[in-house]
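Given next are the chains, with one letter for each unit.
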Amino acid sequence: MSIDAGPEIPVEQRKISRRGFLKLLGAAAAGYGYAIYRYDDVLSGLFGNKYDRYAEQAKSYLKTEYGPDVLTGPPENDTIITGTNLNKYELRRGLGLVIEEVIKYPPNFFRENGVTAIRFLNNVKVRGKDYYGGFAGLEGTIGIAYAAQPFEINREYFRGVFHHELLHILDYKDGGYDQDNQQWRDLHNCGCQPYREIHGRDKEEGAAPSPTDWFLNTYGQKNPIEDRAEFGRFVMSSGLHRDLVQRIRDEKEGEKRRILGDKYKLTTEAYKKWSGGLMDGRYWENLMSGKVQTGYFPSRPKGE
């Protein structure tokens, strides 16, 4: 199914240079003065209701500057995940949010780590059950399971979805899950089964007594894969990152502080490796203080 193109827009009115698009993003950054920008709102001032025109430029920007294609609709021949295309307004909103998060990564990050596409899907069902949030195609596709009402109510949730699903792909492509899974299990050094099922399906004996002890939330306690993805979600959000650092500093019990600190260190070191050294300690300081903006990486040589 294809998105209805709507009324034809004259070609000369559709064109905006790549430089112009980047300037517009930079103006948005300067205007808001912090790391999360509402590019979709700013760009709507330029494009008005011409959602196709915005989507065309946003897709081109993502492809040219970062590498991934933008896909819409369900994966071909997939019997597990089903859904429909986003309408033009929803696609504009989704693309705006994704651009806000993508700029936190170096331009070559996605290409060098095999992340090839970002897929938007509406009215999602997984094995026949309603679903929204995200999904990861381990071949390299970040999936955004869009839902209009939750998206408008809690955009921060969908921001986190992007980073969570991206980390699943990075994790899988970096040698698979097994070695990291064992490493993260061993961090707890508790003689117990630290991970357990959630949603009331606690089937494993010896599970950790409280999910708040060694984990960010109950979802991260499900297994090492989700634990790592939740740490990825937290460190890529300036506010959550600050809260996490403060929580580790304030933790009075040494073993809990060590476990959380080790998970934090492993996560940030992984991003440093995946980014060729660009996402280093200075980067995290800048992210937390709102200095990672459009053009941050091209204007900052490695190590400075």
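Parameters and conventions
- Residues numbered from 1 in each chain as written.
- Predicted model: local features only at pLDDT ≥ 70, side-chain atom pairs only at ≥ 80, totals over all residues.
- Heavy atoms only, no water.
- Helix = DSSP H or I, 4+ residues; strand = E, 2+ residues; numbered from the N terminus.
- Buried < 20%, exposed > 50% of the residue type's maximum accessible area, 1.4 Å probe, protein only.
- Contact = heavy atoms within 4.5 Å.
- Polar contact = N/O pair within 3.5 Å; in protein donor to acceptor, adjacent residues only side chain to side chain.
- Phe/Tyr/Trp six-rings, centres within 6.5 Å; stacked < 30°, edge-to-face > 60°.
- Lys NZ or Arg CZ within 6 Å of the ring centre and 35° of its normal.
- Expected span 1.5 Å × (residues − 1).
- Arc of directions from axis to C-beta.
- Salt bridge = Lys/Arg side-chain N within 4 Å of Asp/Glu carboxyl O.
- pLDDT = per-residue confidence, 0-100.
- Axes fitted to C-alpha atoms, helices over the stretch in contact; angles between N-to-C directions.
- Parallel < 35°, antiparallel > 145°, perpendicular 65-115°, else oblique.
- Left-handed = near helix turned anticlockwise from the far one by under 90°.
- Nonpolar A, V, L, I, M, F, W, Y, C, P; charged D, E, K, R; others polar.
- Pairing = 2+ DSSP bridges.

This brings us to the overall build of the chain. From N to C terminus, the chain includes 14 helices and 6 strands. The buried share of the chain, taken over its 304 residues, is 50%. Counted over contacts in the chain with a minimum sequence separation of 6, partners at least 24 positions apart contribute 70%.

As a further point, take the side chain of Glu230. Here Glu230 is to be found in helix H11 (residues 224-235). Separated by 2.6 Å, the side chains of Glu230 and Asn217 make a polar contact. Look past the residues within four positions of Glu230 in its chain and what remains in contact with it is His164, Leu216, Asn217, Tyr219 and Gly220.

Before going further, it helps to examine the packing of aromatic side chains. The final tally for this structure, using the stated rule, is 19 aromatic pairs. A network of ring pairs unites the aromatic residues Tyr271, Trp274, Tyr283, Trp284, Tyr296 and Phe297 as a single cluster. Seen from the ring of Trp184, Arg228 lies directly overhead, with NZ or CZ sitting 5.8 Å from the centre.

What follows concerns helix H12 (residues 238-250). The end-to-end C-alpha distance of H12 is 18 Å, a good match for the 18 Å that 13 residues give at a rise of 1.5 Å each. Regarding H12, the residues found buried are Ser238, His241, Leu244, Val245 and Ile248. Projected down its long axis, H12 shows its buried positions confined to an angular sector of 125°, all on one face. Check the buried side of H12 and you find it contacts H11, helix H13 (254-274) and helix H14 (281-288).

This part is about the pattern of salt bridges. A full pass over the atoms with the stated rule returns 15 salt bridges. The partner of Arg159 in a salt bridge is Glu101, and the shortest N-O contact between them spans 2.8 Å. Separated by 58 residues along the polypeptide, Arg159 in helix H8 (residues 155-173) and Glu101 in helix H5 (residues 88-102) bring together distant segments of the chain. Residue Arg159 shares its accessibility class with Glu101, and that shared class is buried.

Of all residues in the chain, 76% attain a pLDDT of 70 or more, and the chain-wide mean is 80. Considering each helix and strand of the chain separately, the mean pLDDT is smallest for helix H1 (residues 11-14), with a value of 35, and largest for H14, with 97. Predicted confidence is poor over residues 1-17, with pLDDT under 50, and the contacts of this stretch with residues over four places away or in other chains come to 28 contacts.

Turning to its location among the elements, Gly96 is positioned in helix H5. For the pair Gly96 and Tyr54, spaced 42 residues apart in sequence, the C-alpha separation works out to 9.3 Å.

Interaxial distance between H5 and H8 falls to 10 Å at its minimum, and their mutual angle equals 60°. When the axes of H5 and H8 are compared, the pair comes out oblique. Once H5 is placed against H8, the crossing between them reads as right-handed. For the pair H5 and H8, contact is made by Arg93, Leu97, Val98, Glu100, Glu101 and Val102 and by Arg155, Phe158, Arg159, Phe162 and His163, respectively. Grouping the constituent residues of the contact of H5 with H8 by class yields 5 nonpolar, 1 polar and 5 charged.

In this section: the environment of Phe120. Position of Phe120 among the secondary structure elements: in strand E3 (residues 117-126). On the accessibility criterion, Phe120 (1% relative accessible area) is buried. Residues Phe120 and Leu71, 49 residues apart in the sequence, show an inter-C-alpha distance of 6.3 Å. Setting aside chain neighbours within four positions, we find Phe120 in contact with Val70, Leu71, Thr72, Gly73, Leu86, Leu91, Gly94, Leu95, Val98 and Ile144.

The element strand E5 (residues 133-137) is extensively covered by neighbouring structure, given that 4 of its 5 residues are classed as buried. Bridging between E5 and strand E6 (residues 141-146) involves 5 bridges; their strand directions are antiparallel. Note on E6: the bridge partner recorded for Gly134 is Ile144. Remark: 3 residues form the turn of the hairpin made by E5 and E6, two consecutive strands paired antiparallel; Gly140 in that turn has positive phi of roughly 135°.

Two elements in contact, helix H9 (residues 178-188) and H13, have axes whose closest approach is 9 Å; the angle formed by their N-to-C orientations is 160°. Considered as vectors, H9 and H13 are oriented roughly antiparallel to each other. Handedness of the crossing formed by H9 with H13: right-handed. Between H9, through Gln183, Trp184, Leu187 and His188, and H13, the contact on the second element is made entirely by Glu255, Arg258, Ile259, Asp262, Lys263, Leu266 and Thr267. A breakdown of the residues in the contact of H9 with H13 according to their chemical character gives 4 nonpolar, 3 polar and 4 charged.

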